[in-house]
Amino acid sequence: MIWFISVSILCSTVSLLVKADTIFDDVSKGHQTLLTEASKNNFDCEKGFESILGQFSKLQSSVTMKDIEAAKTFLPELFLYRLKLKDIVHLDNPVCLKQMRSYFFQSRSVQDQLYILLYTNEQKTIQSVDFLKIDVPQLKEPSRSFINPKVSDSDLHPGDIMIAKGISFTSSTISRLPVQPNQFSHIALFVQHDGSLHTLESYIGKGVDAYSLNDALKNENARILILRPKNANLAKNANEMMDSIYAKSVSTNRKIKYDYKLDMKDHSELTCAEVAVTAFEKASDGRVIIPEFQSAINFSNSDFLKNMGLRNGSMMMPDDMEFDNRFDTVLEWSEFTLLQDSLRKDQIMNFILKRIDKNESILNHSYKSVALDVL
């Protein structure tokens, strides 16, 4: 009887372990099948991604604390699968691009969920963090970073682009407005300025400025992705061109203002995305226009779009740079302690935007907002 109970307990334990491994093994096998099929000339993107997207949904609903150890191994696999698929899927096919966007969104959603599971007790809110006093994030920290093994040098270079996901409601609004939700909300360009590496960034209310790496990386970001032009000469020219434009604005005391009209053709004023657009456009004499593919906005509430300075149709979003095949993904870094706060804001803004789109606005005017309208 004792022997039977012991065997039963052992079998139950093995069963749980197998089940825990299988949760990730099935997704890994699904990726191997997807990679094989995607390499074929007749790959059907519509059907090809159905199985893996279904496996992601199943994984998200079934993963628990018992899967923590297996999750540590599985996390970097997700990053590598995204790299491999970007190399072989033809994104100039609109169906393939749509499916890849869905795949990347779901893959990173699983990644975020696993990070939160691994570090549940360390989750923070943005209000509890003094970003001026925190250490400068180490982008190569193993537990927070995924580095592309094909990139020979993962140090930051002039001409690199950083896309990031902020933790504010503004960031969530930007990432949730497109038809296919995004997971990034800001773009910065790395330039060699005054003898050291800086980021050139444009912010609402501030315009374009150069920021030290310490300041740039201490910003309120839950996620950072570093992208590098495959053409080294293009990167060099983009760095020199944009630094020259910025240096001239400083020397003449004519600050480059934020472009509230979001006019990507007139570069006298610049949004954060337009800093990078201008750099590569001028560096290539207009031959390289980024990104290759733009997000789509389809919002019924035209008044809201107008007030936001947006429009329906194709529009560049920070997320789009990840799908530009002229750039390699160098590394991805996560501030996993702030992911839960970031996702919570995303869900809130997603709900609010859906209500606004149906003209069911739940936002009430305050004295401050009325005063802002007058201004």
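Before reading further, recall that the structure is shown in the block above.
Along each chain, the written sequence defines residue order, and numbers are assigned to residues from 1. In keeping with the model being predicted, local features are shown solely for residues with a pLDDT of at least 70 and side-chain atom pairs are shown and tallied solely at 80 or more, while totals for entire chains, interfaces and linings include all residues. Hydrogens and water molecules were not included; the side-chain quantities draw on all heavy atoms of the structure.

J.: So what exactly am I meant to see when it comes to unusual backbone geometry here?
T.: Leave glycine aside and you will find that most residues have negative phi; peptide bonds, for their part, are mostly trans. Between Ile 290 and the following residue, Pro 291, the backbone shows a cis peptide bond with an omega angle of -5°. For helices the rule is a DSSP run of H or I covering at least 4 residues; for strands it is a run of E covering at least 2, with both sets numbered from the N terminus onward. The residue Pro 291 is located in the loop between helix H9 (272-283) and strand S7 (295-297) in this model.

J.: Could you clarify how one ought to interpret the packing of aromatic side chains in this entry?
T.: When we look at a pair of aromatic rings, we describe it by the centre distance and by the angle of the planes. Any Phe, Tyr or Trp ring, taking Trp's six-membered ring, that has another such ring centre within 6.5 Å forms a pair; planes under 30 degrees apart are called stacked, those over 60 apart edge-to-face, and the others tilted. By the definition in use, this model includes 15 aromatic pairs. A ring pair is formed by Phe 280 and Phe 327, whose centres lie 5.3 Å apart and whose planes are at 80°; its orientation type is edge-to-face. Of this pair, Phe 280 sits in helix H9 while Phe 327 sits in strand S9 (residues 327-334), and the two are 47 residues apart along the sequence. A residue is classified by how much of its surface remains accessible, and Phe 280, at 0% relative accessible area, is buried. Residue exposure (1.4 Å probe, protein chains only): buried if accessible area is under 20% of the type maximum, exposed if over 50%, otherwise partly exposed. Given the relative accessible area of 2%, Phe 327 is considered buried. Among the aromatic side chains, those forming a connected cluster through ring pairs are Phe 43, Phe 49, Phe 56, Tyr 103, Phe 104 and Phe 323. The residue whose ring lies beneath Arg 223 is Phe 184, and the NZ or CZ to ring-centre distance is 5.7 Å. By the criterion adopted, a ring carries a charge over it if an Arg CZ or a Lys NZ lies within 6 Å of its centre and within 35 degrees of its normal.

J.: What is the right way to look at the side chain of Ser 28 in this model?
T.: Among the secondary structure elements, Ser 28 is positioned in helix H1 (residues 2-38). On the basis of relative accessibility, which here comes to 14%, the residue Ser 28 falls in the buried class. Contacts are assigned to residue pairs with any non-hydrogen atoms lying within 4.5 Å of each other. Among residues more than four places away in sequence, those in contact with Ser 28 are Phe 74, Glu 77 and Tyr 81.

J.: Just checking my understanding: could you explain the nonpolar core for this structure?
T.: Side chains of a nonpolar character, in soluble globular proteins, are inclined to be buried together. For this analysis, a nonpolar core means a set of buried residues of the types Ala, Val, Leu, Ile, Met, Phe, Trp, Tyr and Cys, connected via side-chain atoms within 4.5 Å. Counting 48 residues, the largest nonpolar core has Phe 49, Leu 85, Val 89 and Tyr 103 as its most contacted members. For this core, the leading source of residues is helix H5 (residues 94-118), giving eleven residues. What Val 89 contacts, discounting residues up to four positions off in sequence, is Ala 38, Cys 45, Phe 49, Cys 96 and Met 100.

J.: Where do I start with the packing of H5 against helix H11 (residues 339-357) in this structure?
T.: For any two helices packed against each other, the geometry is given by the interaxial angle and the distance between the axes. One can describe the packing of H5 onto H11 by two numbers: an axis separation of 9 Å at closest approach and a directional angle of 135°. The angle between H5 and H11 falls in the class oblique. Between H5, through Asp 112, Tyr 115 and Ile 116, and H11, the contact on the second element is made entirely by Leu 339, Gln 340 and Leu 343. Partitioned by chemical class, the residues of the contact of H5 with H11 number four nonpolar, one polar and one charged. An axis is simply a line fitted to the C-alpha atoms; with a helix, the fit covers only the stretch in contact. Between two such axes, the angle follows the N-to-C directions and lies from 0 to 180 degrees. In these notes the angle categories are as follows: under 35 degrees is roughly parallel, over 145 is roughly antiparallel, 65 to 115 is roughly perpendicular, and the rest is oblique. Think of it as three bins: nonpolar holds Ala, Val, Leu, Ile, Met, Phe, Trp, Tyr, Cys and Pro, charged holds Asp, Glu, Lys and Arg, and polar takes everything else, Gly as well.

J.: Help me understand helix H3 (residues 50-62), please; the structure alone is not making it clear to me.
T.: Note: α-helices contain 3.6 residues per turn, so residues at a spacing of three or four share the same orientation. With 13 residues, H3 extends 19 Å from end C-alpha to end C-alpha; this agrees with the ideal 18 Å at 1.5 Å per step. The set of residues buried in H3 consists of Ile 52, Leu 53, Phe 56 and Leu 59. All buried residues of H3 fall inside an arc of 120° around its axis, so they share one side. Opposite the buried face of H3, at more than 90 degrees from it, the exposed residues are Lys 58 and Ser 61. Multiplying one less than the number of residues by 1.5 Å gives the expected span of a helix. The directions considered for the arc run from the helix axis to the C-beta atoms.

J.: Would you mind going over the side chain of Arg 223 with me for this structure?
T.: Of note, Arg 223 is situated in strand S6 (residues 221-229). With a relative accessible area of 4%, Arg 223 lands in the buried category. Setting aside its immediate chain neighbours within four residues, Arg 223 contacts Arg 108, Asp 112, Ile 163, Ala 164, Lys 165, Gln 183, Phe 184, Glu 332, Trp 333, Ser 334 and Leu 339.

J.: Help me understand the state of the cysteines, please; the structure alone is not making it clear to me.
T.: Working definition: the covalent bond between the sulfur atoms of two cysteines is a disulfide. The term disulfide is used for any two cysteine sulfur atoms that are within 2.5 Å. With the rule as written, the count across this model stands at one disulfide. Disulfide pairing is shown between Cys 45 and Cys 96; the S-S distance is 1.9 Å. Between Cys 45 and Cys 96, the disulfide has an S-S torsion of 85° and is therefore right-handed. Of the two residues, Cys 45 sits in helix H2 (residues 45-48) while Cys 96 sits in helix H5, which places them 51 residues apart along the sequence.

J.: Looking at this structure, I do not really get the pairing of S6. What am I missing?
T.: Most of S6 is tucked away: nine of the nine residues are buried. Inspection of the sheet shows strand S2 (residues 161-166) paired to S6 by six bridges, in the antiparallel sense. Bridge assignment links Lys 165 to a residue of S6, and that residue is Arg 223. One ladder, built from seven bridges, connects S6 with S9; its direction is antiparallel. The partner of Ile 226 across the bridge, within S9, is Leu 331. Strand pairing is assigned whenever DSSP detects at least two bridges linking the two strands.

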